[in-house]
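Residue strings, one per chain:
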Amino acid sequence: MRVMIFGAGYSGKAIGRLLHDQGASVAGTTRSAEKGKGLEDAGIRPFLFDGTSLTDTLLAELAETTHLVQSIAPGSEGDPLIRLCGQAGIKVLMPKLEWIAYLSTVGVYGDHHGAWVNEDTELKPVSVRSVERVEAEQAWQVVAARAGLPLAILRLSGIYGPGRNTFMNLANGTARRLVKKDQVFNRIRVEDIASATAFLAAPRTPGIFNVTDDLPSPPQDVVTEAARLMSMEAPPEQPFETADLTPMARSFYGENKRVSNAKIKALGFNFQYPNYHMSLVDLLGSGSWNQKA
């Protein structure tokens, strides 16, 4: 397996590290040479990619790629990699390609007033970024169909893990307990994103899969539990309606749903961190909560 990860950031690096540990040859892109060392430490060969053009060295690597993971968010002009493929198609860039994974978001479902959603639920994106994600999902489905390639779309919920979690927010004083009536969110530990991707990559499994935990919960409950585990006083509760929030932060609360992960579990995948209770205990107990992401 020869893997290329476009956008080897927090999730992409975790995916690359696990696939490398499983014996795959892994490469990944980054926008800055400074981040290349971090990728190398994770077993990922770094390539610079500015989102607009492909270098000769990157093109040479793509010519040998068998498994593609696309983790770069789309913009107003669509998915950057699809744009670079042009009319020629992805097989011209990657003639040996056998499988594609596209990392999307549960934001594509939009607001369902707290009801359960699954992969067959109607997509009702609310924010501009979620609309762009739906368009990117559809574009990748067209690309894969034209090339006759299996495509896995992984819809991810709120990502956290070592170096990015509620303990970090409590420690640096940025944790908040915002309360909005009946609001719940799903979340997903970054290591489970990596495991799910590897699980689907080996047999080149196609389909759309929610990669999320088992326990959609009010966000303030997670802060309360983390503070309890750290033996700290939790920050005071704040009504969402009067809280000082950025437009992006406020927009997250405009979507309320419970996301089911039953489909990928039915294939035999087991989440290592199925709820935030056991995950927080692990992060704190292992000391990984404040490790560099």
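The structure displayed is predicted, hence computed values, not measured ones.

Q: Where do I start with the pattern of salt bridges in this structure?
A: Oppositely charged side chains can form a pair if their charged atoms are brought close together. Considering all chains together, one arrives at 13 salt bridges under this definition. Lys265 serves as the salt-bridge partner of Asp214, at 3.2 Å between the closest nitrogen and oxygen. Residue Asp214 is found in the loop between strand E11 (207-211) and helix H9 (219-229), and its partner Lys265 is found in helix H11 (residues 262-266); the two are separated by 51 residues along the sequence. Judged by its relative accessible area of 35%, Asp214 is partly exposed. Residue classification places Lys265 among the partly exposed positions, given a relative accessible area of 35%. The salt bridge partner of Arg228 is Glu225, with a shortest N-O separation of 2.9 Å. Here Glu225 and Arg228 lie together in helix H9, a separation of three residues that amounts to about one turn. For Arg228, a relative accessible area of 52% puts it in the exposed group. Among the charged side chains, a salt-bridge network with shared partners connects Arg2, Arg45 and Glu61.

Q: What's the story with the side chain of Arg155 in this structure? I'm lost.
A: Mapping Arg155 onto the fold places it in strand E7 (residues 151-156). Since its relative accessible area comes to 2%, Arg155 is described here as buried. Of the polar contacts made by the side chain of Arg155, one reaches the side chain of Tyr109; its length is 3.0 Å. Beyond its immediate stretch of four places on either side in the chain, Arg155 contacts Ser104, Thr105, Val106, Val108, Tyr109, Glu119, Leu123, Glu137, Ile208, Phe209, Asn210 and Val211.

Q: Before we go on, may I ask you to explain unusual backbone geometry in this structure?
A: A negative phi holds for most residues other than glycine; trans holds for most peptide bonds. Positive phi values are uncommon outside glycine, yet His113 reaches one of about 55 degrees. Among the structural elements, His113 can be located in the loop between strand E5 (99-105) and strand E6 (116-117). The backbone of Ser231 shows a phi angle near 55 degrees, a positive value even though the residue is not glycine. Along the chain, Ser231 falls in the loop between H9 and strand E12 (237-239). On the basis of relative accessibility, which here comes to 68%, the residue Ser231 falls in the exposed class.

Q: Is there a simple way to explain the environment of Val108 in this structure?
A: Among the structural elements, Val108 can be located in the loop between E5 and E6. A C-alpha to C-alpha distance of 22 Å links Val108 and Ser195, two positions 87 residues apart in sequence. The contacts of Val108, once residues within four sequence positions are left out, are Leu123, Lys124, Pro125, Ser130, Arg133, Val134, Glu137 and Arg155.

Q: Would you mind going over the sheet that holds strand E2 (residues 25-30) with me for this structure?
A: What holds strands together in a sheet is hydrogen bonding between their backbones, with the strands either parallel or antiparallel. What the seven strands build is an open sheet, ordered E3-E2-E1-E4-E5-E7-E11; its pairing is parallel. Lying at the two open borders of the sheet, with one neighbouring strand each, are strand E3 (45-48) and E11. With direction set aside, neighbouring strand axes in the sheet form an average angle of 20 degrees. Across five bridges, E7 lies against E11 in parallel orientation. Counted as the bridge partner of Arg155 is Asn210 from E11. Along the sheet, helix H1 (residues 10-21) contacts strand E1 (2-6), E2, strand E4 (67-70) and E5; its crossing angle with E1, the most-contacted strand, is approximately 170 degrees. Helix-sheet contacts for helix H6 (residues 128-147) involve E4, E5, E7 and E11, and the interaxial angle to E5 is about 170 degrees.

Q: Quick question: what am I supposed to make of the packing of H9 against helix H12 (residues 276-286) here?
A: The description of two helices packed together rests on the angle between their axes and the distance between the axes. Running from N to C, H9 and H12 point in directions that differ by 35 degrees, and their axes come no closer than 10 Å. For the pair H9 and H12, the sense of crossing is right-handed. Contacts between H9 and H12 involve Asp221, Val222, Glu225, Ala226 and Leu229 from the former and Tyr276, His277, Leu280, Val281 and Leu284 from the latter. A per-class count over the contact of H9 with H12 returns seven nonpolar, one polar and two charged.

Q: Honestly, the environment of Leu123 in this entry has me stumped. Any pointers?
A: Residue placement: Leu123 occurs in the loop between E6 and H6. The class for Leu123 is partly exposed, based on a relative accessible area of 27%. Taking the C-alpha atoms as reference points, Leu123 and Met1, separated by 122 residues in sequence, lie 33 Å from one another. Ignoring any residue separated from it by four or fewer positions in sequence, one finds Leu123 in contact with Val108, Tyr109, Val134, Glu137 and Arg155.

Q: Can you walk me through the packing of aromatic side chains in this structure?
A: Each aromatic ring pair is described using two quantities: the centre-to-centre distance and the angle formed by the ring planes. Across all of its chains, the model carries seven aromatic pairs by this definition. Relative to Trp289, the ring of Phe167 has its centre 6.1 Å away and its plane inclined at 70 degrees; by these criteria the two rings are edge-to-face. Taken together, the residues Phe167 in helix H7 (residues 166-172) and Trp289 in the segment after H12 connect sequence positions 122 residues apart. For the residue pair Phe167 and Trp289, the accessibility class agrees, reading buried in each case. Plain terms: the ring middles of Phe240 and Tyr253 are 4.8 Å apart, the flat faces sit at 25 degrees to each other, and that makes the pair stacked. Of this pair, Phe240 sits in the loop between E12 and helix H10 (247-252) while Tyr253 sits in the loop between H10 and strand E13 (258-259), and the two are 13 residues apart along the sequence. Like Tyr253, Phe240 is buried. The structure contains a cluster of three or more aromatic residues connected by ring pairs, namely Phe185, Phe240 and Tyr253.

Procedures and definitions
Residues numbered from 1 in each chain as written. Predicted model: local features only at pLDDT ≥ 70, side-chain atom pairs only at ≥ 80, totals over all residues. Heavy atoms only, no water. Salt bridge = Lys/Arg side-chain N within 4 Å of Asp/Glu carboxyl O. Helix = DSSP H or I, 4+ residues; strand = E, 2+ residues; numbered from the N terminus. Buried < 20%, exposed > 50% of the residue type's maximum accessible area, 1.4 Å probe, protein only. Polar contact = N/O pair within 3.5 Å; in protein donor to acceptor, adjacent residues only side chain to side chain. Contact = heavy atoms within 4.5 Å. Pairing = 2+ DSSP bridges. Axes fitted to C-alpha atoms, helices over the stretch in contact; angles between N-to-C directions. Left-handed = near helix turned anticlockwise from the far one by under 90°. Nonpolar A, V, L, I, M, F, W, Y, C, P; charged D, E, K, R; others polar. Phe/Tyr/Trp six-rings, centres within 6.5 Å; stacked < 30°, edge-to-face > 60°.

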